[in-house]
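Coordinate inspection notes
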Amino acid sequence: MRNAGPIESPTDPFASVPLPTSGVSKKPRIEGLPPGVSRDIFGPPDRQEPRPAQGPSAPGGPPGGALPPVAPPAQPWPMNDKQPSGPPAPVFGTGGPVERPPAYEPEPPRRRRLLSGLLAFVVILAALAYVVPAVLMSGSVLRGTHVAGVDIGGLTVTQAADKLRTELATKLSEPVVVDTAGKKDTIQPDEAGLELDVVGTIGQAPSGFPSPQEVWRGLTGRTELQPKVNLDSSQLARTVEGLAEAADKKAREGRVFFSGLQPKSRQPEDGVLLDRDDAVRRIGDAFLNGGGNVVLTLRPAKPVTTPQAVETALAKATQAVSAPITLTLGGKQAQISPAMIAANLTFNSDGSGGLTPAFNAKAVLASVESSLVDAAQQPRDATYDIVNDKPVLVPARTGRGVNDKLLARDAEKVFDQGGSRTIPVRLGAVAPTVTTAQVRGLGIKEVVGTFNTTFDCCQPRVKNIQRMAQELDGHLVKPGETFSINEVVGERTLEDGYVEAGQIVGGRTVAIVGGGVSQFATAMYNAAFFGGFDLVEHRPMDYFSPRYPAGRDVTLLYPDTDLKWRNDSEYGVLIKTAFTDTSASVTLWSTERYDEVEAAESDRRDFVPFRSESSSAADCVPTTGQQGFTIDVTRVFHNDGKVVKKDKKVTVKYRAQPQTTCTAIN
């Protein structure tokens with residue numbers, strides 16, 4: 001048979017190689033492999049994938065026994081995994097240079113499927129590990145959450161709140177012991193208005209549907225939260241005020257006064273004052289940190305006057321009562337005796353280090369003016385007398401009299417600088433302070449509000465109540481005016497007839513001049529309450545006392561704690577007071593504006609039990625325990641059988657008053 005010659009193929013690099021006819025193996029050539037490379041390279045025959053038959057008789061082959069289709073170009077077999085860099089080396093053949101094809105790399109599909117399945121399994125397992133515990137934890141406080149040692153993890157918000165109130169309240173009830181210049185007092189949490197903020201505390205805890213990090217922390221860790229507490233700064237300030245009243249020792253200015261005819265001196269003395277703002281801060285911080293001991297700061301208070309100024313004033317006082325003062329008016333004379341001078345003369349600080357005389361000429365004239373001026377000529381203010389339970393107008397009168405201010409000026413000059421002890425005086429027209437016209441047109445005709453309060457007889461505080469009643473009896477409040485006890489009465493002093501008595505200040509009983517007048521203020525408040533007047537300012541007492549109406553009591557302390565009410569009517573208001581050894585009353589006379597004024601009280605709620613304590617202090621005052629509670633009071637106004645208006649509700653929160661047993665041995 002004739003040589004067939006080379007078969008030309010533009011794509012097969014081996015197509016131009018002559019096919020030998022003898023001397024070669026009879027093993028059939030496998031398409032797509034280089035010469036001499038067996039298909040066994042792909043593994044044993046039973047593991048090889050079947051290939052479709054080739055040739056004219058093969059199913060699907062070319063019809064008519066035509067030549068089989070040209071096989072795809074053979075791929076050069078890679079001899080080394082590492083190929084040189086740069087462009088592939090050309091392979092030369094009859095068809096010219098061609099690029100070397102990429103190496104053949106069979107893919108292992110079974111291993112890829114195995115890895116994909118394993119990865120999917122891990123993802124599902126991780127998702128389940130998060131979702132399952134997250135669902136179980138959702139709707140509750142994150143597991144492992146603790147507040148000051150109380151475990152609230154896994155509880156609902158409501159359950160956690162109840163548990164904190166039950167278990168944490170006792171842990172927050174540690175008192176604070178304050179040391180004020182060596183004197184120790186114990187401040188209880190309720191005295192500072194300390195309260196656990198349950199909502200704020202639980203609000204710090206993770207809840208709801210947890211994140212993956214929270215799930216991990218809930219399963220393996222612990223979340224520590226600090227309890228949030230609130231302090232009632234106003235209540236704590238009142239408590240500190242009570243401490244201050246007991247601790248303060250005001251600087252004493254030098255002073256000269258008389259005991260009988262004998263001049264006495266009081267030397268200036270340093271004092272100390274409790275730093276109130278600092279005390280509130282320190283005590284508050286101590287409570288927020290769980291209790292403990294606190295040392296309070298006392299600030300020095302220095303007097304202005306000097307010892308030398310006192311000695312100088314003492315000599316002048318001795319000279320002042322050495323002889324009487326003679327007042328002359330025309331041919332009339334009146335003498336102010338040394339005893340009268342001594343009773344109305346003091347030497348007080350002038351604010352610049354010295355002492356100056358202060359002479360009460362008005363009080364002196366009340367005794368001696370009749371010797372100079374007929375009583376019928378003296379002025380008189382318009383007022384009312386209550387006769388047979390009805391107000392009777394006493395008209396004003398312009399008169400003539402000695403000018404008390406001029407007399408005081410002239411007498412003080414004599415006492416300070418010496419000179420003639422005869423002082424000529426002049427009469428002048430003296431107008432009444434309150435005219436008849438002012439009173440007559442004020443509509444004072446009937447009782448519009450009254451209140452009576454009772455007390456035990458013969459205690460020092462009773463004298464203070466009676467003295468305040470005397471000072472306010474007959475006071476007139478004009479339309480539009482605001483009445484203030486502290487402004488009208490002023491500071492309660494020994495010179496004005498007040499005495500030292502116990503009064504509760506900031507939850508503590510302290511002895512102050514004028515103690516007990518809060519009971520009179522309570523009577524005044526209730527008279528104005530039922531009179532329908534505008535209640536401008538008042539502060540309820542810290543503790544409830546059965547002798548007072550709940551929610552309608554008043555505490556009074558000069559100068560900062562006051563009772564104020566405004567006469568918001570078009571009529572005047574006349575204040576009339578009366579008292580006995582066991583009671584005091586305040587009655588307001590004006591014109592009725594309402595048929596009835598009612599005090600609507602809510603039920604008492606939020607009861608707080610009182611605690612028991614004992615004290616060995618020498619100034620201990622025994623008290624009866626009284627539970628605390630909260631009450632609302634609303635003032636309701638009626639006319640013609642209908643409610644015409646209501647005041648805004650007033651909420652009063654009383655503290656629990658401890659039961660105190662005194663153990664001091666007398």
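See the structure printed just above.
Everything quoted here is computed from the prediction, not taken from an experiment. Throughout this description, residue numbers start from 1 for each chain and increase along the sequence as written. The model is predicted, so local features are restricted to residues of pLDDT at least 70 and side-chain atom pairs to those at 80 or more, both for listing and for counting; the totals for chains, interfaces and linings are taken over all residues. Processing note: side-chain calculations cover all non-hydrogen atoms of the structure and skip hydrogens and water entirely.

1. Focus on the nonpolar core
Ranked by size, the top nonpolar core spans 33 residues in total, and within it Met-468, Ile-485, Met-524, Trp-565 and Leu-588 carry the most contacts. Element by element, the count of residues in this core is highest for helix α14 (residues 518-531), at 8 residues. The contact criterion used throughout is that any non-hydrogen atoms of two residues lie within 4.5 Å. Among residues more than four places away in sequence, those in contact with Met-468 are Ile-485, Val-489, Arg-492, Tyr-498, Val-517, Phe-520 and Leu-556. Formed by 32 residues, the second largest nonpolar core is a distinct cluster that contains Val-310, Ile-341, Ala-361 and Val-402. Nonpolar cores were defined as sets of buried Ala, Val, Leu, Ile, Met, Phe, Trp, Tyr and Cys residues, with membership established by side-chain atoms within 4.5 Å. Note on classification: 1.4 Å probe, protein chains only; a residue is buried when its accessible area is under 20% of the maximum for its type, exposed when over 50%, partly exposed between these limits. Working definition: helices are DSSP H or I runs of at least four residues, strands are E runs of at least two. Numbering for both runs from the N terminus.

2. So, the environment of Thr-223
By the element assignment, Thr-223 lies in strand β6 (residues 223-225). Taking the C-alpha atoms as reference points, Thr-223 and Gly-144, separated by 79 residues in sequence, lie 5.8 Å from one another.

3. So, the sheet that holds strand β1 (residues 145-147)
Two strands are said to pair when DSSP picks up at least two bridges between them. Across the sheet, 3 strands lie side by side as β2-β1-β6; this open sheet has mixed pairing. Strands with a single pairing partner mark the edges of an open sheet, and in this sheet they are β2 (150-151) and β6. For β1 and β2, the ladder comprises 2 bridges, and the chain directions are antiparallel. Paired with His-146 across the two strands is Asp-151, which belongs to β2.

4. Some details on the layout of surface pockets
Residues are called lining when one of their atoms sits within 4 Å of a cavity or pocket point, these points coming from a 1 Å grid over the protein atoms alone, where a cavity is a set in which a 1.4 Å probe fits but cannot get out and a pocket is an open set with protein on both sides within 12 Å along at least five of seven lines. Grid points are joined across faces, edges and corners, and a volume is the space filled by probe spheres set on the points. Each pocket or cavity is described by its volume, and for the second largest pocket that value is around 1,400 Å³. Lining the second largest pocket are 36 residues, with Glu-245, Lys-250, Glu-491, Arg-492 and Val-513 positioned closest to its centre. In terms of residues, the lining of the second largest pocket owes the most to one element, helix α5 (residues 233-247), which gives 4 residues. Each residue is assigned to one of three groups, with Ala, Val, Leu, Ile, Met, Phe, Trp, Tyr, Cys and Pro labelled nonpolar, Asp, Glu, Lys and Arg labelled charged, and all others, Gly among them, labelled polar. Looking at side-chain class alone, the lining of the second largest pocket contains 12 nonpolar, 7 polar and 17 charged residues.

5. Digging into the side chain of Asp-553
Inspection of the secondary structure puts Asp-553 in the loop between β27 (534-537) and β28 (564-566). In this charge count, Lys and Arg are treated as positive and Asp and Glu as negative; neither His nor the chain ends contribute. The rule for a salt bridge is simple: a side-chain nitrogen of Lys or Arg has to be within 4 Å of a carboxyl oxygen of Asp or Glu. Summary of buried charges: Asp-553 has no salt-bridge partner, and the nearest side chain of opposite charge, Arg-552, is 9.0 Å away. A 3.5 Å cut-off defines polar contacts: any pair of N or O atoms within that distance qualifies, except that in protein one atom must be a possible hydrogen donor and the other a possible acceptor, and neighbouring residues in sequence count only when both atoms are side-chain atoms. There is a polar contact of 3.4 Å between the side chain of Asp-553 and the backbone nitrogen of Met-541. Among the polar contacts made by the side chain of Asp-553, one reaches the side chain of Tyr-654 at a distance of 3.1 Å. Each residue touching Asp-553, except ones within four places of it in the same chain, is listed here: Thr-522, His-538, Arg-539, Pro-540, Met-541, Tyr-543, Tyr-548 and Tyr-654.

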